[in-house]
Amino acid sequence: MSQTFSEETHRNLLSRIPHCTGREISDWIRAVDEGPALLRFEEKVSWLRTEHNLAYGHAKAIVHEYDLRRAARNLR
């Protein structure tokens, strides 16, 4: 079962990711963008966890942010 994070929790997770991983959010967004062409949210989360050894919460926050930014680009 998938957890849904509040906007505040999402922002808090994003702010901690650079410290915990040593990489900026923009680097992780690029990694998802350049990674395998996975369609489902949980597939992307699983790929990040397996390929980059991320915690579930961090991987989920990265994919959620990726989807938010992608949607914003499509609205322009």
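Predicted, not measured: the structure shown is a model, and the values here were computed from it.

Caption draft 1: Fine view of the overall build of the protein. Regarding its fold elements, the protein presents 4 helices and 0 strands. Listing the helices and strands of the protein from first to last along the sequence gives α-α-α-α. Overall, the C-alpha framework of the protein stretches about 30 × 30 × 25 Å when taken along its three principal axes. A burial count over the protein gives 30% of its 76 residues as buried. Long-range contacts, defined as pairs at least 24 residues apart, comprise 51% of the intrachain contacts of the protein with a sequence gap of at least 6. Working note: accessible area of the protein is about 5,200 Å², and carbon and sulfur atoms make up 48% of it. In the protein, 12 side chains carry a positive charge and 11 a negative one; their mean positions are 2 Å apart.

Caption draft 2: Structural context of the nonpolar core. In this structure, Ile17, Trp28, Leu48, Leu54 and Ile62 are the most contacted members of the largest nonpolar core, which totals 17 residues. When residues of this core are traced back to their parent elements, those giving at least two are α1 (7-21), α2 (25-34), α3 (41-52) and α4 (56-75). Those residues in contact with leucine 54, other than ones at most four positions away along the chain, are Thr21, Trp28, Leu48, Arg49, Ala59 and Ile62.

Caption draft 3: Summary view of the layout of surface pockets. In this structure, the largest pocket occupies an estimated 160 Å³ of space. Along the walls of the largest pocket sit Val32, Asp33, Gly35, Pro36, Ala37, Leu38, Leu39, Lys44, Trp47, Tyr66 and Arg70, which together make up its complete lining. Looking at the lining of the largest pocket, the elements that each hand over two or more residues are α2, α3 and α4. Partitioned by chemical class, the residues of the lining of the largest pocket number 7 nonpolar, 1 polar and 3 charged.

Caption draft 4: Region of the structure containing the confidence of the model for the protein. When the pLDDT values of the protein are averaged, the result is 92; 95% of them are 70 or greater. Taken element by element, the protein is modelled with least confidence in α4, mean pLDDT 92, and with most confidence in α3, mean pLDDT 97.

Caption draft 5: Fine view of the environment of glycine 57. When you line up the elements, glycine 57 lands in helix α4. Note on glycine 57: relative accessible area 18%, which makes it buried. C-alpha of glycine 57 to C-alpha of proline 36: the two residues are 21 residues apart in sequence and 20 Å apart in space. Not counting residues within four places of it along the chain, the set of residues in contact with glycine 57 comprises Phe5 and Leu13.

Caption draft 6: Here's a closer look at unusual backbone geometry. Of note, the phi angle at asparagine 53 is positive, near 55°, even though the residue is not glycine. Its location among the elements puts asparagine 53 in the loop between α3 and α4.

About the thresholds
- Residues numbered from 1 in each chain as written.
- Predicted model: local features only at pLDDT ≥ 70, side-chain atom pairs only at ≥ 80, totals over all residues.
- Heavy atoms only, no water.
- Helix = DSSP H or I, 4+ residues; strand = E, 2+ residues; numbered from the N terminus.
- Buried < 20%, exposed > 50% of the residue type's maximum accessible area, 1.4 Å probe, protein only.
- Contact = heavy atoms within 4.5 Å.
- Areas by Shrake-Rupley, 256 points an atom, 1.4 Å probe, with all protein chains shown as cover.
- Lys, Arg positive; Asp, Glu negative; His and termini not counted.
- Charge placed at Lys NZ, Arg CZ, Asp CG, Glu CD.
- Core = buried A, V, L, I, M, F, W, Y, C linked by side-chain atoms within 4.5 Å.
- 1 Å grid on protein atoms, 1.4 Å probe; cavity = no way out; pocket = protein on both sides within 12 Å on 5 of 7 lines; lining within 4 Å.
- Points joined across faces, edges and corners; volume = space filled by probe spheres on them.
- Nonpolar A, V, L, I, M, F, W, Y, C, P; charged D, E, K, R; others polar.
- pLDDT = per-residue confidence, 0-100.

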